[in-house]
Amino acid sequence: MSSCGAPEQGTALPANIDAGKEVVLNGKVTSGGTPVGGAFVRLLDASGEFTAEVVSSPEGDFRFFAAPGDWTVRALHRTGNGEATVSASGPGLHEVAVSVG
Amino acid sequence: MSREDVLVTAAWAEENLNADGVVFVEVDEDASAYDTGHIPGAVKVDWRQDLQDPVRRDFVDRAGFEKLLSARGIGNDDTVILYGGNNNWFAAYAYWYFKLYGHQSVKLLDGGRKKWELDGRPLEADAVTRAETTYSAKEQDLTLRAFRDEAVAAINTKNLVDVRSPDEFSGKLAAPAHLPQEQAQVKGHIPTAINVPWSKAANEDGTFKSNDELRELYKEAGLDEGKATVAYCRIGERSSHTWFALRELLGYSDVKNYDGSWTEYGSLVGVPVEVGA
């Protein structure tokens, strides 16, 4: 049974994922242009409701499997917080960058 | 029961890292976070390897729990402080186990690893060893655990609290949005369940909301305080978080966690399923 815990984050999609079917939100957390690992990255839906949370990889990468729609990505880190929005029209890879500090 | 009996703050934890009779335990789904840095002196419990039956879909039996706690150096009289990643989901799940198997003194670190890290409190990667104990567990307290037939019987009679995200509840998504969506089970929820996502019980930094806020939250969602309650999610760990809020923080007496949750219910043949918000 796979749990609901957040898997390890990175840019390469796991081999069992079909980006033609999944709405994938991919991104990076940075501070002054430098990647921020260990940030708590929260996905909020169009109404601002919490949907999911992952921890950014050492390279600052994160990924969500969402549904079509408007999303907010909010990152928390001991050095500061930040957020960005992304619109996903359908399946495929959607890039979003978040700056904290 | 007061909040202090079941929850400790990060500040309290840091002051009591070396206190006698207090054992910190990090519970995570994978141990990589613990291995790169943990609260000084904390031992680790791996949710998958240590708490699940290796073959059947069930969790470790009484003897397995005794063996695990003995090996980790946890005694029956120790106060166990549980914490972990994922907003304490797996720590809350472990808390529920400790209660099921009758441990006297167990508490959650409010906010878990997230709050600890956001506060910039110390982490260390050193290996932790504690002298082995002879732990003795009780029989499972089944007043805390609901099985599938009870979930079906709860329709229209008990509070059913579905703590998944609104999109999982309505049937738009089959799993949380950080996971791939392909699943064997159908989508939707148990009829008559109210939807109060686990995250509504927590602040952004992972700490629990105040008791007043929590009581208002569940009341507004339609929880009947006069009825027994069954909480569920997808596999039972997010609902442990809500079970903790309802039973341990708010003090409602008859609250069960249905650990089979949607991955079981959504695969059952012949049971009613509702879709939509």
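What you see is a predicted model, and the numbers here were worked out from it, not measured in a lab.

(A) Structural detail: the pairing of strand S5 (residues 106-109) of chain B. Residue and element names in this part refer to chain B. Neither face of S5 is exposed, since Val 106 and Leu 108 on one face and Lys 107 and Leu 109 on the opposite face are all buried. Examined bridge by bridge, strand S1 (residues 7-8) and S5 share 2 bridges and lie parallel to one another. Residue pairing for S5: Leu 7 is matched across the bridge by Leu 108.

(B) Structural context of the interface of chain A and chain B. Each side of the interface is counted separately: chain A has 31 residues, and chain B has 33 residues. Roughly 2,700 Å² of surface becomes buried between chain A and chain B when both sides are summed, with 57% attributable to carbon and sulfur atoms. Scanning the region where chain A abuts chain B turns up 3 salt bridges. A salt bridge links B:Lys200 to A:Glu49; its shortest N-O distance comes to 2.8 Å. The tally of links from chain A across to chain B stands at 4 residue pairs in polar contact (both at pLDDT 80 or more). Where the side of chain A that touches chain B is concerned, the elements lending two or more residues are strand S3 (40-44), strand S4 (50-55), strand S5 (61-66) and strand S6 (69-77) of chain A. It is S4(A) that provides the largest number of residues to the side of chain A that touches chain B, a total of 5 residues. Split by residue class, the side of chain A that touches chain B holds 17 nonpolar, 7 polar and 7 charged.

(C) Summary view of the domain arrangement of chain B. Residue and element names in this part refer to chain B. Each assigned domain of chain B is listed here: domain 1 (3-118) and domain 2 (145-265). Placing a centre on the C-alpha atoms of domain 1 and another on those of domain 2 gives a separation of 22 Å. Across the boundary between the two partners, domain 1 contributes 22 residues, which contact 27 residues of domain 2. Here domain 1 and domain 2 share an interface that buries about 2,200 Å² over both sides, 64% of which is from carbon and sulfur atoms. Residue Arg 145 pairs with Asp 58 through a salt bridge whose shortest N-O separation is 2.8 Å. In this assembly, domain 1 and domain 2 are joined by 9 residue pairs in polar contact (both at pLDDT 80 or more). Secondary-structure elements contributing two or more residues to the side of domain 1 that touches domain 2 are helix H1 (3-6), helix H6 (89-100) and helix H7 (112-118).

(D) Looking closely at the sheet that holds strand S8 (residues 194-195) of chain B. Residue and element names in this part refer to chain B. A sheet is described by the order of its strands in space; here 5 strands give the open sequence S6-S10-S9-S7-S8, paired in parallel fashion. If you trace the sheet from one side to the other, it starts and ends with strand S6 (145-146) and S8, each paired once. Where strand S7 (residues 159-162) and S8 come together, 2 bridges link them in parallel fashion. Its bridge partner being in S8, Asp 162 is matched across the sheet by Asn 195. Sitting on the sheet, helix H11 (residues 238-249) is in contact with S7, strand S9 (229-232) and strand S10 (255-258), with an inclination near 180° to S10.

(E) Region of interest: helix H5 (residues 62-71) of chain B. Residues and elements named next belong to chain B. Every buried residue belonging to H5 is among Phe 65, Leu 68, Leu 69 and Ser 70, and all of these are buried. Contacts made by the buried residues of H5 are with strand S3 (43-46), helix H4 (47-51) and H6. Backbone geometry just after H5 places Gly 73 at a positive phi near 80°.

(F) Region of the structure containing H6(B). Residues and elements named next belong to chain B. Between its terminal C-alpha atoms H6 stretches 16 Å, which fits the 16 Å expected from 12 residues at 1.5 Å a residue. Most of H6 sits inside the fold, with 11 of its 12 residues counted as buried. Note on H6: the residue one or two positions beyond its end, Gly 102, has a positive phi of about 80°.

(G) A look at the UniProt feature "domain: Rhodanese" (unreviewed entry) in chain B. UniProt's feature table lists "domain: Rhodanese" (unreviewed entry) at residues 18-125 and 154-274 of chain B, given in the numbering used throughout. Taken end to end, residues 18-125 of chain B is 36% helix and 19% strand, and its two terminal C-alpha atoms sit 17 Å from one another.

(H) Spotlight on the pattern of salt bridges. Residues and elements named next belong to chain B. Tallying each qualifying case throughout the model produces 28 salt bridges over all chains. For the salt bridge of Lys 115 with Asp 119, the shortest nitrogen-to-oxygen distance reads 3.1 Å. The exposure class assigned to Asp 119 is partly exposed, which follows from its relative accessible area of 32%. Overlapping salt bridges bring together Glu 14, Lys 115, Asp 119, Arg 121 and Asp 205 as one network.

Parameters and conventions
Residues numbered from 1 in each chain as written. Chains lettered and ligands numbered in written order. Predicted model: local features only at pLDDT ≥ 70, side-chain atom pairs only at ≥ 80, totals over all residues. Heavy atoms only, no water. Buried < 20%, exposed > 50% of the residue type's maximum accessible area, 1.4 Å probe, protein only. Helix = DSSP H or I, 4+ residues; strand = E, 2+ residues; numbered from the N terminus. Pairing = 2+ DSSP bridges. Contact = heavy atoms within 4.5 Å. Buried area = accessible area lost by both parts, 1.4 Å probe. Salt bridge = Lys/Arg side-chain N within 4 Å of Asp/Glu carboxyl O. Polar contact = N/O pair within 3.5 Å; in protein donor to acceptor, adjacent residues only side chain to side chain. Nonpolar A, V, L, I, M, F, W, Y, C, P; charged D, E, K, R; others polar. Domains from an automatic or database assignment. Axes fitted to C-alpha atoms, helices over the stretch in contact; angles between N-to-C directions. Expected span 1.5 Å × (residues − 1). UniProt positions renumbered as here; feature names shortened; annotations may be inferred.

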